[in-house]
Amino acid sequence: MSDWPERFQQLETAAFDIRLQRYYGAGMVSADTPIGETPLVALDFETTGLDASQDAIVSIGLVPFSRQRVFLREANEWLVKPEQPLEEESVVIHGITHSKIRAAPDLELILEPVLEALAGKVVVVHHRAIERSFFSQALLSRIQEDIQFPVIDTMELEYRALRQRQGLIGRLLRRPLGSLRLGDCRQRYSLPYYPPHRALSDAIATAELLLAQLSYQYREDVPVGELWL
Amino acid sequence: MQAELQDIVYFYQRFPPFDDLPEEALAELAQATEISYYRSGQDILRYGDPIQDLYIIRSGAVETYRRNGELYNRLAEGDVFGQMGLMMNRRVRFPARTMEDSLLYCIPADLYANFCDRFEDFADFFEAEGSSLLRHTLSSQADNNDLTTVKINALIQREAITLERQASVTQAAKLMTDQQISSILVTDPDQPISSDPNDDDGQVVGILTDRDLRMRVLAEERPGSTPVGDVMSTDMVLIDDNAYVFEAMLTMLRHNLHHLPVVHRRRPIGVIAMSDIVQHESQSSLLLVRSIFAQQSLEELTQLAKQLPAVFVRMVKEDANSHMIGSAMAVIGRSFKQKLLEMAEAELGPPPLPYCFLALGSMARDEQLIVTDQDNAIILDDRYNPEEHGEYFEKLSHFVCDGLNACGYRYCDGDIMATNPEWRLTLSQWKERFGGWIEEPSPQALLHSSIFFDLDGVWGRTKWARDLQSFIAQQSRNNSRFLNYLARNALSRTPPLGFFKGFVMEQDGQHRPSINLKRRGTAPLSDVIRVHALAVGSRSQNSFERLEDVIRAKILPPEKGQDLSDALEYIAMVRIRYQAADIERGEEPDNNIEPELLSTFERRNLKEAFQVLDRAQAFLKFRYHSSTKGGIR
């Protein structure tokens, strides 16, 4: 998909929910915008599992950033009450207690500030399948509408970089590609270790990873269209 | 809703000066943090670029450099950099480059300043870096400057050609012809250099030039066997090999010399030429001086004067210190005067009597800045007769003073100008006048005459100016009554401290709170220094040079002389920087600064500098038994 600005105009007209209309109405940069001039927002969902049709979002973290700086002042994090009760296993992973989750609002109640924070910016995630599919599923079940947006996936960018480094010979010899997990990717750029599986901390980690990837693998003025999916 | 940034807070908590901050402050800090990433070997900060943040290394390693490329510091996780740039006018002082891939936390300058105000330990951390930030700041500035740090012995390319005083003029003429030089240094083997017993050439005692050979040998029909010592000039300009390049440059500009003999304890070691300096540094101030003398008309001269603000700004940007800027501006001012006098004499015909045109005040002290009026006077030959010669010098004065005004050196409000007949006196009358001020001092008379105690000859018989300087130095030395009155005057302008030594603001013309850095800072400092200088019989005019004489005479408590020098340098530099900033914004520069424009550090340093002045004034009162009671305010 290259013509996201036009697509956003169509989606705005087609949307019923006022929050979605506003989100699409804020528009989207064109594919030829240099990355240095593109407003970005790193987004991370913590979920109860990997299957969007079965599992639910329990927290959302995001932080706006640019090619130059990550703006912690505008960082945000929300806990979300899942539609299904929490299983013991995922509680351990996220360190989020049942009582906190029980007190958290339903996603529909925080949809407005979340969409506002994303509006006008290109979403950056590590492993796009999670955020895209869970976001769509969550909206479909609550307001019966889907959401579409361009995504820069740091995992995809890392995959491309590793494939290039591996080269044809490496591929023929089936040399291992290297891990694509967020923490392992960060290590390649000497980025510090952050405790994983907290939505905001992962969002910040993702933003930093993209800055590192951009300064190593891309020219200063690479158009955003070469990066997003 | 603000997100919790506990990880960031934990990081800050591990490193000074953040470890002592309260929890809420750390949360505030974390919120304000911006993160940036630099791969290994990338420039983070370039010299002179604007800087808006304090940097903390989250991971990686960074090196900072001096301006000359020398390594200044190597930093790792938890280390901080950029503070020097934030303290000085928010320009990068020490360029920074990554040694490894680095993740940096950036704290906005305003929050940093705010934290320095709120948390004393936090501020002290940055101040403790040098024992005294003021001195540290000044010395780090000097480190970065070529002209102020390079000594002239590094530039000497020509050997000094010397001749003993007993040699004949014929020998001299032959040697000068062989060596293709127009002047030769004369030494005296009977005056050996005491520190170097093996040296048998002796001290430099004079100089012989083509002109001397023409005027004192041929024209007077002296024989070729005449000893060089009989016809040489002893009035020569030498410079010590320990002097800095900029001093040599200014000496040559001042005396209009193309070659300057360099001596080591009066032993000739070489000659430097103007071209050596020009090659070393293409100084814009130097080029301006050269063009002043190349102009043909007053019109052209006033056009050229419009470049002065740009030259001033460039010098500030090149990190010149206040002594350099003050001297360069004074030399430029003198050059305008000299050129105008040359034009005046061309228009009015040669002067009927010898005279000396004087610069007074800041120009004489080599402390001239961009905002300045003209203070000048004339010493006339003792044969002066108003009826016969009055009209010529009246016209000459008007030509020069009007010309200076057209070039941006405003008329003096107090009418201390050569156009005022009261300040066109013969040498004897001047001595009488100074004698009166010194022997029968009155506070009122001294209040208006202190400007005359900073004087320098610009044109004509400049030796008369030096005679007057010696006269003043002899008369005033140890003259307690005169010094007592002069000290009272020096107490009339106080630094803006009060209310238990806090900072007091005044209202400027537009009723904004402001501080006049000249009236409340540099001028009273110069006043204090002048009193001490006259007390020890110093003939220097420049405040820093006067201070050196005063320190040598040991009349100040230890360290106090250096403190005064630092305070003067700091206040002068703040004044200079804000004037340069005014010019760059297209505003009329003045001597006022609005405190809200000052960084926390400038404010602290200024306060410290004003306190030095305050203590110096108290000491002056004690030393010369003067108090302002019953005197003037």
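The structure under discussion appears in the preceding block.
Residues numbered from 1 in each chain as written. Chains lettered and ligands numbered in written order. Predicted model: local features only at pLDDT ≥ 70, side-chain atom pairs only at ≥ 80, totals over all residues. Heavy atoms only, no water.

Scanning chain B from terminus to terminus reveals 25 helices and 23 strands. Scored against the burial criterion, the 633 residues of chain B give a buried share of 57%. Restricting the contact set of chain B to residue pairs at least 6 apart, pairs at least 24 apart contribute 71%. Looking at chain B as shown, the accessible area adds up to about 27900 Å², and 46% of this sits on carbon and sulfur atoms. (Helix = DSSP H or I, 4+ residues; strand = E, 2+ residues; numbered from the N terminus. Buried < 20%, exposed > 50% of the residue type's maximum accessible area, 1.4 Å probe, protein only. Contact = heavy atoms within 4.5 Å. Areas by Shrake-Rupley, 256 points an atom, 1.4 Å probe, with all protein chains shown as cover.)

All right, on to the overall build of chain A then. The secondary structure content of chain A amounts to 9 helices and 6 strands. Here chain A holds 229 residues, and the buried ones make up 53% of them. Long-range contacts, defined here as pairs at least 24 residues apart, represent 68% of the contacts in chain A between residues at least 6 apart. About 10800 Å² of surface is accessible on chain A, with carbon and sulfur atoms providing 52% of the total.

Quick look at the side chain of E367 of chain B now. All names here are of chain B. Structurally, the position occupied by E367 is in the loop between β15 (355–360) and β16 (376–380). Overall, the relative accessible area of 17% leaves E367 in the buried class. Reaching out from E367, the side chain makes a polar contact with the side chain of R365 at a distance of 2.8 Å. Once residues lying within four places of it in the same chain are set aside, the contact partners of E367 are G326, S362, S526, N542, S543 and F544. (Polar contact = N/O pair within 3.5 Å; in protein donor to acceptor, adjacent residues only side chain to side chain.)

Below, the discussion takes up the nonpolar core. Membership of the largest hydrophobic core comes to 117 residues, with the highest contact counts inside it found for I60, F135 and I152 of chain A together with Y12, F18 and F81 of chain B. For this core, the element with the most residues is helix α9 (residues 199–217) of chain A, which contributes 10 residues. In contact with F135 of chain A, not counting residues within four places along its chain, are F45, L111, V114, L115, L118, I130, I147 and F149 of chain A. If you look at the next biggest cluster of nonpolar residues, it comprises 67 residues, including M417, A567, V574 and I593 of chain B. (Core = buried A, V, L, I, M, F, W, Y, C linked by side-chain atoms within 4.5 Å.)

What follows is about empty space enclosed by the protein. Residues and elements named next belong to chain B. Scanning all chains against the criterion turns up 3 cavities of 30 Å³ or more. By volume, the largest cavity is sized at about 80 Å³. What lines the largest cavity is a set of 13 residues, among which F453, Q469, I472, L534 and Q541 lie closest to the centre. Class assignment for the residues of the lining of the largest cavity results in 6 nonpolar, 4 polar and 3 charged. (1 Å grid on protein atoms, 1.4 Å probe; cavity = no way out; pocket = protein on both sides within 12 Å on 5 of 7 lines; lining within 4 Å. Points joined across faces, edges and corners; volume = space filled by probe spheres on them. Nonpolar A, V, L, I, M, F, W, Y, C, P; charged D, E, K, R; others polar.)

Residues and elements named next belong to chain B. Taken together, the buried positions of helix α9 (residues 210–218) are occupied by D212, L213 and V217. Along the axis of α9, the buried residues cluster in a sector spanning 100°; they form a single face. For α9, the secondary structure elements touched by its buried residues are α8 (169–179), β11 (203–209) and α10 (228–231). (Arc of directions from axis to C-beta.)

What follows concerns the pattern of salt bridges. Tallied over the entire structure, the rule returns 40 salt bridges over all chains. Here R219 of chain A and D221 of chain A are joined by a salt bridge, their closest N and O atoms 3.2 Å apart. Taking the shortest distance from any N to any O, the salt bridge between E77 of chain B and R14 of chain B comes out at 3.0 Å. Residue E77 of chain B is found in the loop between β5 (71–75) and β6 (80–81), and its partner R14 of chain B is found in the loop between α1 (6–13) and α2 (23–32); the two are separated by 63 residues along the sequence. Salt bridges here are not isolated pairs; linked through shared partners, they connect R365, E367, D454, R493, D527, R530 and R546 of chain B. (Salt bridge = Lys/Arg side-chain N within 4 Å of Asp/Glu carboxyl O.)

The subject of this paragraph is helix α23 (residues 543–552) of chain B. Residue and element names in this part refer to chain B. Those residues of α23 lying buried are S543, F544, R546, L547, D549 and V550. Where the residues of α23 are buried, they touch α16 (322–348), α22 (518–535) and α24 (560–584). Of the residues flanking the start of α23, the one acting as N-cap is N542, its side-chain oxygen 2.9 Å from the backbone nitrogen of F544. Of the residues flanking the end of α23, it is K554, one or two places downstream, whose phi is positive at about 55°.

What follows concerns the sheet that holds strand β14 (residues 267–273) of chain B. All names here are of chain B. Strand order in the open sheet formed by 3 strands is β12-β13-β14, with mixed pairing between adjacent strands. Edge strands, defined here as strands with exactly one partner in the open sheet, are β12 (239–240) and β14. Taken together, the 2 bridges between β12 and strand β13 (residues 259–264) define a ladder with parallel strand orientation. Considered in β13, the bridge of D240 is made with V263. (Pairing = 2+ DSSP bridges.)

Moving on, we get to unusual backbone geometry. Residue P16 of chain B is joined to P17 of chain B through a cis peptide bond whose omega torsion reads 0°. Of note, P17 of chain B is situated in the loop between α1 and α2. One non-glycine residue, Q144 of chain A, adopts positive backbone phi at about 55°. Counting through the fold element by element, Q144 of chain A comes out in the loop between α6 (128–143) and β6 (151–153). Here Q144 of chain A falls in the exposed class, since its relative accessible area comes to 57%. Notably, D415 of chain B is not glycine yet its phi reads approximately 60°, a positive angle.

The analysis is restricted to geometry; functional conclusions fall outside its scope.
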